There are 2 protein chains.
Amino acid sequence: MNEAMFDFCTTMTDEEDQRARDLIERAAAKWPLRILHVLSEANGPLRFSRLLERVEGISQKVLTQTLRTLEKDGLVIRTLYPQVPPRVEYELTSLGHDLLLQVVTLWRFIVERLPDFDADKAKRAS
Amino acid sequence: MNEAMFDFCTTMTDEEDQRARDLIERAAAKWPLRILHVLSEANGPLRFSRLLERVEGISQKVLTQTLRTLEKDGLVIRTLYPQVPPRVEYELTSLGHDLLLQVVTLWRFIVERLPDFDADKAKRAS
DNA sequence: CAGAATCCTACCCGATACTG
DNA sequence: CAGTATCGGGTAGGATTCTG
């Protein structure tokens, strides 16, 4: 069962493993999930300044940085409208949406078992 | 559908949300998943030095630190056998095992769609 | 408006001793 | 064996200022 569970691990190359690992690490960092969530709630494109408002606590610099990374990873699309003043919109890709769905599943699992995520309780239960 | 997807978000308190977020961030950091995976493969308790060998590249200090965090989060159990020289064993809790199962699901999703995780391809597909 | 550039700080992590 | 203690480099992220 443990073997079956990790079967797919043996069928992937080291490079695939490393890329997946990197993606998870980047996506689970401080801000990316919040940004994806806000974009998902918006249910459509959002301007940079809207994101800056709605992702509470993020700085302009880090928002820019993180959006660039999300774009490189194929999770959001950046659209520049060449106007003065400039207008830039960000929206989820379908991949970004699907990934968020997966993460929400994990999220729900954690929230449901939140009482267990405590050392003493876990010790007693095992 | 987007609403249904995030229904549970509205039913949880801010504190629950924050705790879940923190747990994901900690678990998805550089080393924790590797450690959990190694413990899962071992299919039983492992001594500190075995972990140090099998979690390739980790330093002794960071392994200790990370194990402490995993223990606090209820994902591993630390058992000290008061001998000389001391012997300490770590093993997955059932919660740790379950969490790893969830993460592996996510992992598989990412590996399967790895070709999509690329900005240009995603842009063309959308 | 949407950023780029700069400065600064805190923290993570690795390497290296040392200890019960 | 399984740590703790200490030092140092690298980096993520915040605050601020400037610009097309």
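Residues numbered from 1 in each chain as written. Chains lettered and ligands numbered in written order. Predicted model: local features only at pLDDT ≥ 70, side-chain atom pairs only at ≥ 80, totals over all residues. Heavy atoms only, no water.

Caption draft 1: How the structure looks around the overall build of chain A. Scanning chain A from N- to C-terminus turns up eight helices and three strands. Here chain A has a C-alpha radius of gyration of 18 Å; the compact-globule value for 126 residues is 14 Å, and the former is much larger. Its C-alpha atoms put chain A at 60 × 35 × 25 Å along the principal axes. In chain A, which comprises 126 residues, the proportion classed as buried is 43%. The long-range fraction of contacts in chain A, counting pairs at least 24 apart against all pairs at least 6 apart in sequence, stands at 43%. Approximately 6900 Å² of chain A is accessible, and the part contributed by carbon and sulfur atoms is 49%. If the 18 positive side-chain charges of chain A are averaged to one point and the 20 negative ones to another, these points end up 9 Å apart. (Helix = DSSP H or I, 4+ residues; strand = E, 2+ residues; numbered from the N terminus. Rg over C-alpha atoms; globule rule 2.2 N^0.38 Å. Buried < 20%, exposed > 50% of the residue type's maximum accessible area, 1.4 Å probe, protein only. Contact = heavy atoms within 4.5 Å. Areas by Shrake-Rupley, 256 points an atom, 1.4 Å probe, with all protein chains shown as cover. Lys, Arg positive; Asp, Glu negative; His and termini not counted. Charge placed at Lys NZ, Arg CZ, Asp CG, Glu CD.)

Caption draft 2: The arrangement of the pattern of salt bridges in detail. Going through the model one piece at a time under the given rule, you end up with 12 salt bridges over all chains. For the salt bridge of A:Arg21 with A:Asp17, the shortest nitrogen-to-oxygen distance reads 2.8 Å. Here the residue A:Arg21 and the residue A:Asp17 both occupy positions in helix H3 (residues 14-27), the gap between them amounting to four residues, near one helical turn. Of the two residues, A:Arg21 and A:Asp17, neither departs from the other in class, the shared state being buried. With a closest N to O distance of 3.1 Å, A:Glu89 and A:Arg87 form a salt bridge. For A:Arg87, a relative accessible area of 23% gives the class partly exposed. Here the salt bridges share partners, and the residues they tie into one network are A:Asp98, B:Arg113 and B:Asp116. (Salt bridge = Lys/Arg side-chain N within 4 Å of Asp/Glu carboxyl O.)

Caption draft 3: Local environment of the protein's contact with DNA strand C. Taken together, 18 residues lie near DNA strand C, and A:Ser49, A:Gln60, A:Arg78, A:Tyr90 and B:Lys61 sit nearest. For DNA strand C, the fraction of protein-proximal atoms (within 4 Å) that sit in sugar or phosphate groups is 62%. Note that a phosphate oxygen of DNA strand C is positioned 3.4 Å from one of the side-chain N or O atoms of A:Arg68. Here A:Tyr90 contributes a side-chain N or O atom positioned 2.7 Å from a phosphate oxygen of DNA strand C. Those elements that provide at least two residues to the surface near DNA strand C are helix H5 (48-54), helix H6 (60-72) and strand E3 (87-92) of chain A together with helix H6 (60-72) of chain B. (Near = heavy atom within 4 Å. Polar contact = N/O pair within 3.5 Å; in protein donor to acceptor, adjacent residues only side chain to side chain.)

Caption draft 4: The arrangement of the relation of the copies chain A and chain B in detail. Its rotation angle being 180°, the transformation that places chain A on chain B also includes 0.0 Å of axial translation and leaves an RMSD of 0.1 Å. The superposition of one copy onto the other is thereby described by a two-fold rotation axis. Judged by C-alpha distance, A:Ala28 is the residue of chain A that lies nearest the rotation axis, at 3.0 Å. An overlap of 100% is found between the interface residues of chain A and their copies at the interface of chain B, pointing to a shared contact surface. (Least-squares fit on C-alpha atoms with pLDDT ≥ 70 in both.)

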